[in-house]
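Structural characterization, general
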Amino acid sequence: MIDTRNRTRPTARALVGLAFLLAASASPADDAPLRVIVLGAHPDDCDIDAGGTAALWAARGHQVKFVAVTNGDAGHQSEGGGALARRRRAEAQEAGRRFGIAEYEVLDNHDGELEPTLAVRQQIIRRIRQWNADIVIAPRPNDYHPDHRYTGVLVQDTAYMVMVPNVCPDTPPLRKNPVFLYSQDGFQRPNPFRPDVAVAIDSVVEKKIHALDAHVSQVYEWLPWVESVLDTVPKEPAARLFWLRQQRSGRPLADDVRAALRKWYGPRADAVKDAEAFEVCEYGRRPSEADLRRLFPFFD
Ligand SMILES: [Zn+2]
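These numbers come from a predicted model, not from an experiment.

Our focus in this paragraph is the overall build of the protein chain. Check the secondary structure of the protein chain and you find ten helices and seven strands. Its C-alpha atoms give the protein chain a radius of gyration of 21 Å, near enough to 19 Å, the size a compact globule of 300 residues would have. The C-alpha extent of the protein chain, read off along each of the three principal axes, is 75 × 50 × 35 Å. In the protein chain, of all internal contacts separated by at least 6 residues, the share reaching a separation of at least 24 is 78%. As presented, the protein chain carries roughly 15,200 Å² of accessible surface, and 53% of it is formed by carbon and sulfur atoms. Between the averaged position of the 39 positive side-chain charges in the protein chain and that of its 41 negative side-chain charges there is a distance of 6 Å.

Written out as structure tokens, the structure reads:
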């Protein structure tokens, strides 16, 4: 026998309210601020992958949040554990302030140990929903670093689940799937990165370098140690900022990134020195060219 005790017919008022909510969420005003969430494995990855584009969005009043999926507590040659996690959290907060973004959250998962578990997937589903994201950016799921790779897998695995009400029912689902984008990398297998969108960041490259400069434990200590160039890092702050700029800007752009810049900017693309590129993930919402021009309001 079917138990009907808890079955109630929806009232007309409730249906009208529901219809209004659906209409409102399905047709956001074209001039509403965009809501962008960038996820990286470590507290500096979002900055490197999408910091310039984030600064451009933020300067136009759009809402950008960075999320580091691990706390970075393995990323140093002589420090570690809770003390390093606290240092890196503070560095990330300062970098977020320098970029001008709305939030920089560091999740308390151990660095170097990230796995694509249901628990971490749920952490990410909740973050994307709470941010009510229009755009989600994350690494591709093939990368030398397992934390990067699994961040890619984890975010990709949310690209439908963010809309499913019975998944993480404590956090209201999104009514429209965001556009999911991969950030650029140089890996060739099983397929190379495809720059669907390329953003010129010359106007904010100084801001990006200044923000990266906040990650002292990384850009001046850990990464140079990994690359055996620690003895080339100047000690004096202005000199090391100059050194960082030499490392991080003005590198030759890949031919396909230059071609993508030409598609979006026309002939002006030839003068661009620094860019960030993104590939559309086929599991999220499939944007048209007009959608991408609305989501990346930088090309005119
Ligand atoms: Zn990383």
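Structure shown, so let's carry the discussion forward.
In the first shell of the zinc ion, the protein supplies His-42 (ND1), Asp-45 (OD), Asp-45 (OD) and His-148 (NE2), at 2.1 to 2.4 Å from the metal. Along the chain, the residues donating to the zinc ion fall in the pattern H-x2-D-x102-H. Taken as a pair, His-42 in the loop between β1 (35-40) and α2 (45-59) and His-148 in helix α5 (residues 146-156) lie far apart in primary sequence, 106 residues in all. Pair check on accessibility: His-42 and His-148 agree, each one buried.

Following the criterion strictly, the structure yields 20 salt bridges and no others. In this structure, Arg-87 and Glu-79 form a salt bridge, with 3.1 Å as the shortest nitrogen-oxygen distance. A relative accessible area of 35% places Glu-79 in the partly exposed class. Taken together, the shared-partner salt bridges connect Lys-65, Glu-103, Glu-105 and Arg-127 into one network.

In this section: the packing of helix α7 (residues 216-226) against helix α8 (residues 237-248). Where α7 meets α8, the closest approach of the two axes is 12 Å, and the angle between their N-to-C directions is 70°. One way to sum up the angle between α7 and α8 is to call them roughly perpendicular. Crossing of α7 over α8 shows left-handed handedness. Contacts between α7 and α8 involve Val-216, Val-219, Tyr-220, Leu-223 and Pro-224 from the former and Arg-240, Leu-241, Trp-243, Leu-244 and Arg-248 from the latter. Per-class residue counts for the contact of α7 with α8 are eight nonpolar, no polar and two charged.

Bringing the pairing of strand β6 (residues 197-200) into the picture now. Going residue by residue along β6, you find Val-197 and Val-199 tucked away on one face and Ala-198 and Ala-200 tucked away on the opposite face as well. The pairing of β6 with strand β7 (residues 275-280) spans four bridges and is antiparallel. By the bridge assignment for β7, Ala-200 is matched with Ala-275.

The next point concerns a nonpolar patch on the surface. Taken together, the side chains of Trp-225, Val-226 and Leu-230 define a hydrophobic patch exposed on the protein surface, amounting to about 270 Å² of accessible area. Note on placement: Leu-230 falls in the loop between α7 and α8. Looking at Leu-230, the relative accessible area reads 32%, which means it is partly exposed.

Turning our attention to the environment of Pro-224. Relative to the helices and strands, Pro-224 is located in helix α7. Sequence separation between Pro-224 and Ala-102 is 122 residues, and the spatial gap between their C-alpha atoms is 30 Å. When near neighbours in sequence (up to four residues on either side) are disregarded, Pro-224 contacts Gln-218, Val-219, Val-229, Leu-230, Val-233 and Trp-243.

To continue, consider the packing of helix α6 (residues 205-212) against α8. Closest axis-to-axis distance for the α6/α8 pair is 10 Å, and the angle between their directions is 120°. The chirality of how α6 crosses α8 is right-handed. Residue-level inspection shows Glu-206, Ile-209 and Leu-212 of α6 in contact with α8, the latter providing Leu-241, Leu-244, Arg-245 and Arg-248.

Another point: helix α4 (residues 118-131). With 14 residues, α4 extends 20 Å between its outermost C-alpha atoms, agreeing within 8% with the 20 Å of an ideal straight helix rising 1.5 Å per residue. Taken together, the buried positions of α4 are occupied by Val-120, Ile-124, Ile-125, Arg-127, Ile-128, Arg-129 and Trp-131. Positive backbone phi, approximately 50°, marks Asn-132, located one or two places after α4.

Counting all residues, the mean pLDDT for the protein chain is 92, and 90% of those residues have values of 70 or more. Note that residues 1-27 has pLDDT below 50 and, in this model, five contacts with residues that lie over four places away or in other chains.

Parameters and conventions
- Residues numbered from 1 in each chain as written.
- Predicted model: local features only at pLDDT ≥ 70, side-chain atom pairs only at ≥ 80, totals over all residues.
- Heavy atoms only, no water.
- Helix = DSSP H or I, 4+ residues; strand = E, 2+ residues; numbered from the N terminus.
- Rg over C-alpha atoms; globule rule 2.2 N^0.38 Å.
- Contact = heavy atoms within 4.5 Å.
- Areas by Shrake-Rupley, 256 points an atom, 1.4 Å probe, with all protein chains shown as cover.
- Lys, Arg positive; Asp, Glu negative; His and termini not counted.
- Charge placed at Lys NZ, Arg CZ, Asp CG, Glu CD.
- Donors = N, O, S within 2.8 Å, 3.2 Å for Na, K, Ca; no water.
- Buried < 20%, exposed > 50% of the residue type's maximum accessible area, 1.4 Å probe, protein only.
- Salt bridge = Lys/Arg side-chain N within 4 Å of Asp/Glu carboxyl O.
- Axes fitted to C-alpha atoms, helices over the stretch in contact; angles between N-to-C directions.
- Parallel < 35°, antiparallel > 145°, perpendicular 65-115°, else oblique.
- Left-handed = near helix turned anticlockwise from the far one by under 90°.
- Nonpolar A, V, L, I, M, F, W, Y, C, P; charged D, E, K, R; others polar.
- Pairing = 2+ DSSP bridges.
- Patch = residues over 30% accessible without salt bridge, like charges linked within 9 Å, V, L, I, M, F, W, Y side chains within 5 Å.
- Expected span 1.5 Å × (residues − 1).
- pLDDT = per-residue confidence, 0-100.

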